[in-house]
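# Structural description and commentary
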Amino acid sequence: KRPPADDGMELRGVVRKALDARPPFLDKGSKKAAAAAAAGQVAVPPQLMKVWHSVVHQFDPDDTGVVSPETLVPLMFWLGLTRKRTSALLTLRLAFGPGGIPVDSLNRLCSYIDVQTRLVEGLRRVARRDSPEQLCEYITDGDSAKLRMWFFSMRRSPGGQADLVEVQNLFAREGVMQERQAFFRFLGHMTRNEL
């Protein structure tokens, strides 16, 4: 008899397979991909979408529509993004705002998951290069000094705002993200679909 399948291994296999497949919006010359990208739509493999929704449902089994940030902290430990609970919670607060995280916001993260994965890996490389700390501590330690330094290194409008191209240039300069077009689409998606 075969041992029962490990759900964690199955999930990792599905996610890895979906990330290894070249997303249609990155294929140059595809009219369908160009039309979808222009409309702000992203082709997410249905199998990945199904797995993502089931994972998000695990964080909110009672269907309250809100996930406590405390629920995501063990996942951040498991992924090697943090060593400190307080840094993980601060990172989540910076990303989603104070309080509970709406399930819809987590579900919207499935779009551009390949770009987000490369972004996290790039940020992790920068953190390892500059500091012995994990990514969350690197970003949040010292009253988020690293974020402030990055922000003040960008050209800003008179109103104090940096545009998407400046963020893109900063991340390219830091060696975080080199795929400019995919990253620009992701940033545009995030500004249109506020978490």
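Here, the structure is the one placed above.
First, a word on scope: everything that follows refers to the structure included in this document. Just so it is clear, the model here is predicted, and its values are computed rather than measured.

Here we take up unusual backbone geometry. Although it is not a glycine, Asp63 adopts a positive phi angle of roughly 55 degrees. Residue placement: Asp63 occurs in the loop between α3 (46-59) and β1 (66-67). Classification of Asp63 by relative accessible area gives exposed; the value is 57%. Even without glycine at this site, Tyr112 takes up a positive phi of about 60 degrees. One can find Tyr112 in the loop between α6 (103-108) and α7 (113-130). Look at Tyr112 and you get buried, because its relative accessible area is 1%.

Attention shifts here to helix α8 (residues 135-152). Counted at 1.5 Å a residue, the expected span for α8 with its 18 residues is 26 Å, but the 20 Å between its end C-alpha atoms falls short. The sharpest bend along α8 reaches about 115 degrees and sits at Gly142. Within α8, burial applies to Leu135, Cys136, Glu137, Tyr138, Ile139, Thr140, Ser144, Lys146 and Trp150. Looking at the packing, one finds that the buried side of α8 touches α4 (69-78), α5 (85-96), α7 and α9 (164-174).

As a further point, take the nonpolar core. Of all hydrophobic cores here, the largest spans 34 residues; its most connected members are Leu106, Leu119, Phe171 and Phe183. At the level of elements, α4, α5, α6, α7, α8, α9 and α10 (180-192) are the ones that each hand at least two residues to this core. Sequence-distant contacts of Phe171, defined by excluding residues within four places in its chain, comprise Leu119, Leu123, Val176, Met177 and Phe183.

Reading guide: rules and limits
- Residues numbered from 1 in each chain as written.
- Predicted model: local features only at pLDDT ≥ 70, side-chain atom pairs only at ≥ 80, totals over all residues.
- Heavy atoms only, no water.
- Helix = DSSP H or I, 4+ residues; strand = E, 2+ residues; numbered from the N terminus.
- Buried < 20%, exposed > 50% of the residue type's maximum accessible area, 1.4 Å probe, protein only.
- Expected span 1.5 Å × (residues − 1).
- Bend = angle between axes of the 7 residues up to and from the residue.
- Contact = heavy atoms within 4.5 Å.
- Core = buried A, V, L, I, M, F, W, Y, C linked by side-chain atoms within 4.5 Å.

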